Amino acid sequence: MVGQDKRAERPALTPEGIVDAATVLIERDGLAAFTMRSLGRELGMSAMAVYGYFPSRDALLCAVLERFMDTMDTGPVPGERWDDTLRRTMTSLYREELAHPEIASIDVDPRADSGGLERHTERIVGLHLAQGWPEPVLHQAWALIDAYLTGFVGNALALKRLGEEEGAGTDGDAPVADEREPWERIVEDAYTDEAFAHGVEIVIQGIRGLAAPDPCEWRTPFADVSKKVEIGS
């Protein structure tokens, strides 16, 4: 009877609750330690119960990543210029990935995606196309933006982890002389919020160069841009 009472008190399992618990577990213990078994223990049930909602670890990670992407500021703002859209969306992606590195590092088999990650990408591409970006320009700009975000965030996180390791066990109140070589200071201090913003401006100027002689008067229409924009139309 006691066991039955405990089971009765246990909250009903839902896909949303599983995603919530998985997110907490990954951020607390790290992605490498995350398994369906460890999640089951966290939820107080067997791993097989979790598999009843998500057929694989990758499928669950896709759902966690989709939830994470939904927190980013990547929606349309009526009347917004394309360059302001890039500043807003790229900064949001940068800040969220730095704040949640374990979630941002999720890399899954795309075949496990139920369509959520694909819809997220489609929304962003559709937003730019609705603004009036020529498809050949967006094709080249997409690779440029992706490479900049991936490289900058990856290096910023690596340097942050290195700084935390080197700072462990030291007296945080004691002044420390900067004995680094000039090249070390340049490299290690390059990945700041200010540097990221400067890099975004360089990306924007690069896109203007790709689009020339187009005046780049692209902006989000005031009408609903949530409808699908056919690529190649």
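Residues numbered from 1 in each chain as written. Predicted model: local features only at pLDDT ≥ 70, side-chain atom pairs only at ≥ 80, totals over all residues. Heavy atoms only, no water.

Looking now at the overall build of the protein. Along its length, the protein carries 11 helices and zero strands. Walking the protein from its N terminus toward its C terminus, one meets helices and strands in the order α-α-α-α-α-α-α-α-α-α-α. Every one of the 233 residues in the protein was classed for burial, and the buried ones make up 33%. At a minimum sequence separation of 6, the contacts of the protein that also span at least 24 residues come to 77%. Here the protein has roughly 14200 Å² of accessible surface; of this, 55% comes from carbon and sulfur atoms. (Helix = DSSP H or I, 4+ residues; strand = E, 2+ residues; numbered from the N terminus. Buried < 20%, exposed > 50% of the residue type's maximum accessible area, 1.4 Å probe, protein only. Contact = heavy atoms within 4.5 Å. Areas by Shrake-Rupley, 256 points an atom, 1.4 Å probe, with all protein chains shown as cover.)

With that out of the way, let us pick up the packing of helix α5 (residues 57-70) against helix α8 (residues 116-131). Axis separation between α5 and α8 bottoms out at 9 Å; the angle between their running directions is 30 degrees. Between α5 and α8, the angle falls in the class roughly parallel. Of the two elements, α5 crosses α8, and the hand of that crossing is left-handed. Between α5, through C62, L65, E66, M69 and D70, and α8, the contact on the second element is made entirely by G116, L117, R119, H120 and R123. Partitioning the contact of α5 with α8 into residue classes produces four nonpolar, two polar and four charged. (Axes fitted to C-alpha atoms, helices over the stretch in contact; angles between N-to-C directions. Parallel < 35°, antiparallel > 145°, perpendicular 65-115°, else oblique. Left-handed = near helix turned anticlockwise from the far one by under 90°. Nonpolar A, V, L, I, M, F, W, Y, C, P; charged D, E, K, R; others polar.)

Bringing the environment of A63 into the picture now. When you line up the elements, A63 lands in helix α5. Separated by 45 residues in sequence, A63 and I18 have C-alpha atoms that sit 9.7 Å apart. If we ignore the near neighbours within four places in the chain, the residues touching A63 are V19 and F54.

Applying the stated criterion across every chain, the model contains 15 salt bridges. Salt-bridge contacts for R180 lead to E188; the nearest nitrogen and oxygen are separated by 3.0 Å. Look at the salt bridges and you will find they share partners, linking R81, D83, D84, R87, E201, R208 and E217 into a network. (Salt bridge = Lys/Arg side-chain N within 4 Å of Asp/Glu carboxyl O.)

Moving on: the packing of aromatic side chains. Throughout the structure, instances matching the rule amount to nine aromatic pairs. With centroids separated by 5.1 Å and ring planes inclined at 35 degrees, the aromatic side chains of W133 and W218 adopt a geometry described as tilted. Remark: W218 occurs in the segment after α11 (193-211) and W133 occurs in the loop between α8 and α9 (135-167); sequence separation between them is 85 residues. The exposure class of W133 is buried, given its relative accessible area of 4%. Ring geometry for Y148 against F152: centres 5.7 Å apart, planes inclined by 55 degrees, an arrangement best described as tilted. In this pair, Y148 and F152 are both assigned in helix α9, four residues apart and thus about one turn of the helix distant. The pair formed by Y148 and F152 is uniform in burial state, with each residue classed as buried. Joined through ring pairs, the aromatic side chains of Y94, Y148, F152, Y191 and F196 make up one cluster. (Phe/Tyr/Trp six-rings, centres within 6.5 Å; stacked < 30°, edge-to-face > 60°.)

Right, let's talk about the confidence of the model for the protein for a bit. For the protein, the average pLDDT comes to 87, and 86% of its residues sit at 70 or higher. A low-confidence stretch, residues 229-233 stays under pLDDT 50, and its non-local contacts, those more than four residues away or across chains, total seven contacts. (pLDDT = per-residue confidence, 0-100.)

Turning next to α8. With 16 residues, α8 should reach 22 Å at 1.5 Å per residue; the first-to-last C-alpha distance of 23 Å fits that figure. For α8, every residue scored as buried is listed here: G116, L117, H120, I124, V125, G126, L127, H128, L129 and Q131. (Expected span 1.5 Å × (residues − 1).)

In this structure, V108 sits in the loop between α7 (101-104) and α8. Spatially, the C-alpha atom of V108 lies 7.1 Å from that of L61, the residues being 47 residues apart in sequence. Once residues within four sequence positions are removed from consideration, V108 is found in contact with D58, L61, C62 and L117.

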